[in-house]
Structures are given as C-alpha cells and as structure tokens.
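Residue-level listing of the chains:
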Amino acid sequence: MGSQNINTIAVSDALDPKTLIGSEYFASNYDPHIWFDVKNWELITQFVVDKLSEANPEHQAEFEKNGAEYLEKLKSLNEDIKTVISKLPEDKRILVTAHDAFNYFGQAYGFEVVGLQGLSTATEAGVQDVQNLATFIIDKQVKAIFVESSVPKRTIEALQASVKSKGFDVKIGGTLYSDALGNAGTEEGTYIGMFRYNVNTIVNALK
Ligand SMILES: [Zn+2]
C-alpha cells in the first residue's frame, strides 16, 4: 500500500510491543491474532478514531461519537464473555484447535491453548504432532476439539481419529472463527457477533 502512495495505518501500532506474544516460529515476529483479547480491540478502536480524526479533522466529532458508542459495546462484550466463561470449571478450560490462533484469548480469559499446527495456516501438522496432542487430550480428558473456518477440517479429524485409536472419544465441538469473520450480513460477520459465537461454542462443547 505504501509503495502505491496510499496512506496506510497498521492498527497493531495501537498496541505496546511489550504486550504482544512472541512467535517461536518466526524469531523477529509476533503472534498476529491480537483481536482475540477485547482489551486490544478497545485500544485499537481509540487508535482508529485518533488516526481518522487526524486525516479528516472536519469529521472528528462524528468519529469520536461513533468510537465512544463502539467502546461501550466492547466493554459489555468483555463482561458478557467473562460471565459465560465463569460457568466453565477451570480444569475444563483447555482449547485445542487446528492452528495457534487463540494465544491472546487464552491469556486474557484463562484458557490453556494448544494448536495442532503452529501460528501459520500454511504449514501442515506432522504425524508426531498428532500423536503427541492425542496423548495430551486423553491425559487431560478433554471433551471437545475445534475446527476453524479458515483451516481444512481434515487436520482436526485426523486428531480425533488418533484419539479414538487410543481408546478415548473426543468430539468436534464446532467451528470457530480464527482468522476471519463470518459472512457479511450475518451475526458472525461482525467482530462482536463473532466473539460471542466463538465463546458460546467453546463453553457449550467443553462443559
Ligand atoms: Zn491464524
């Protein structure tokens, strides 16, 4: 975008790098899934209001009004999420997904998070990764594991089959949005709707 002379704002610049989670796969990079902590999204909302106001000062009042309304919605979202999660016993707060998209979520809301194939959806999980995670699921008696909308289902199905071959049943708890929203016009097509859907799906399947 910069090379095409398009004024571009990286919303991640709203966040203090010290609060970002590092990546064991890419030494100088960060885990990009910052949107799964609502507190981050609040900081980003204010940052967008400020940057848009700088770029377009005649609309500053409108940006600020919309920003303030959205921040209120994010605050109640965060409260609601915590209430739903509080109904899940702490030892059941283990989230197994296809790739490592939920580290910020785990940190913010008290889940142990395990992804089968690392931070990127471009790498494939190896046979050994599947075996190790299957053993982990049985040890911890995890009730459900989750497919993601942006990752092919077969990796999680292979994990489920591996668990079954070791004599334990783990169900597929549903499909989570990890790297993208749902379709426009649906509830999950918004950040808030997507987040509520994910949390309800996780808690219902694990409780
Ligand atoms: Zn991702």
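The rules behind these values
Residues numbered from 1 in each chain as written. Predicted model: local features only at pLDDT ≥ 70, side-chain atom pairs only at ≥ 80, totals over all residues. Heavy atoms only, no water. Core = buried A, V, L, I, M, F, W, Y, C linked by side-chain atoms within 4.5 Å. Buried < 20%, exposed > 50% of the residue type's maximum accessible area, 1.4 Å probe, protein only. Helix = DSSP H or I, 4+ residues; strand = E, 2+ residues; numbered from the N terminus. Domains from an automatic or database assignment. Contact = heavy atoms within 4.5 Å. Salt bridge = Lys/Arg side-chain N within 4 Å of Asp/Glu carboxyl O.

As for the nonpolar core
Formed by 56 residues in total, the largest nonpolar core has its most connected members in F105, F111, I137, L159, Y191 and F195. Tallying contributions element by element places helix α6 (residues 191–206) first for this core, with nine residues. Split by domain, this core shows at least three residues from each of two domains, domain 1 (2–83) and domain 2 (89–206). Residue contacts for Y191: discarding those within four places in its chain leaves W35, D37, V38, W41, Y70, L74, L77 and L181.

Focus on unusual backbone geometry
The residue N5 is not glycine, and still its phi comes out positive at about 60°. At Q141, a position not held by glycine, the phi torsion is positive, near 50°. Here Q141 shows up in the loop between α4 (127–139) and β3 (144–148).

Some points on the pattern of salt bridges
Overall, the coordinates contain seven salt bridges when judged by the stated rule. Between K18 and D16 there is a salt bridge, with its nearest N and O atoms 3.8 Å apart. Judged by its relative accessible area of 75%, K18 falls in the exposed class. With a closest N to O distance of 3.8 Å, E157 and K153 form a salt bridge. On the basis of relative accessibility, which here comes to 48%, the residue K153 falls in the partly exposed class.

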